[in-house]
Amino acid sequence: MTREPPRPADVARRLARRSGERRAEGRRGEGGAWERETFTLPREQAREKAREAFSRFPKAAYMTEIEWWRELDDGRIEFTIRRLPSAD
């Protein structure tokens, strides 16, 4: 008797259930410990926002970093800041 491979919908349901169970138990999933905020701002405002984030959430305590960024066609900067939610 051969076993059928799981269908994508079955896999999605199983992963969603596991994620819900982790949240109910107070655990975080892989990558779930990070707080992320994404911004799209003109270049100078993006620099100010990044400086503000690093002064409010110092890298040494919150592991703050610019996780991802890109320059859009209109010159604005889109970026994601990642940090730990607390400095425990």
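Residues numbered from 1 in each chain as written. Predicted model: local features only at pLDDT ≥ 70, side-chain atom pairs only at ≥ 80, totals over all residues. Heavy atoms only, no water.

Draft legend 1. Layout of the sheet that holds strand β3 (residues 77-83). One open sheet holds the three strands; their spatial order is β1-β3-β2, and the pairing between them is antiparallel. Both edges of this open sheet fall to β1 (35-41) and β2 (65-71), since each of them pairs with a single strand only. The mean angle between the axes of side-by-side strands here comes to 15 degrees, regardless of whether they run parallel or antiparallel. The sheet contact formed by β2 and β3 spans six bridges and is antiparallel. Paired with W69 across the two strands is F79, which belongs to β3. Along the sheet face, helix α2 (residues 43-56) touches β1, β2 and β3 and points at about 5 degrees away from the line of β3. (Pairing = 2+ DSSP bridges. Helix = DSSP H or I, 4+ residues; strand = E, 2+ residues; numbered from the N terminus. Axes fitted to C-alpha atoms, helices over the stretch in contact; angles between N-to-C directions. Contact = heavy atoms within 4.5 Å.)

Draft legend 2. Seen up close, the confidence of the model for the protein chain. With 82% of its residues at a pLDDT of 70 or more, the protein chain shows a mean pLDDT of 84. Taking the mean pLDDT of every element in the protein chain, the minimum, 72, falls on helix α1 (residues 8-25) and the maximum, 97, on α2. Long-range and interchain partners of residues 25-30, a stretch whose pLDDT sits below 50, account for five contacts in this model, where long-range means more than four residues apart. (pLDDT = per-residue confidence, 0-100.)

Draft legend 3. Just the nonpolar core, in detail. In this structure, F39, L41, A46, A53, I77, F79 and I81 together form the largest nonpolar core, which totals seven residues. The set of elements that each furnish at least two residues to this core consists of β1, α2 and β3. Ranked by residues supplied to this core, first place goes to β3 with three residues. Setting aside residues no more than four positions away along its own chain, A46 makes contact with L41, I77 and F79. (Core = buried A, V, L, I, M, F, W, Y, C linked by side-chain atoms within 4.5 Å. Buried < 20%, exposed > 50% of the residue type's maximum accessible area, 1.4 Å probe, protein only.)

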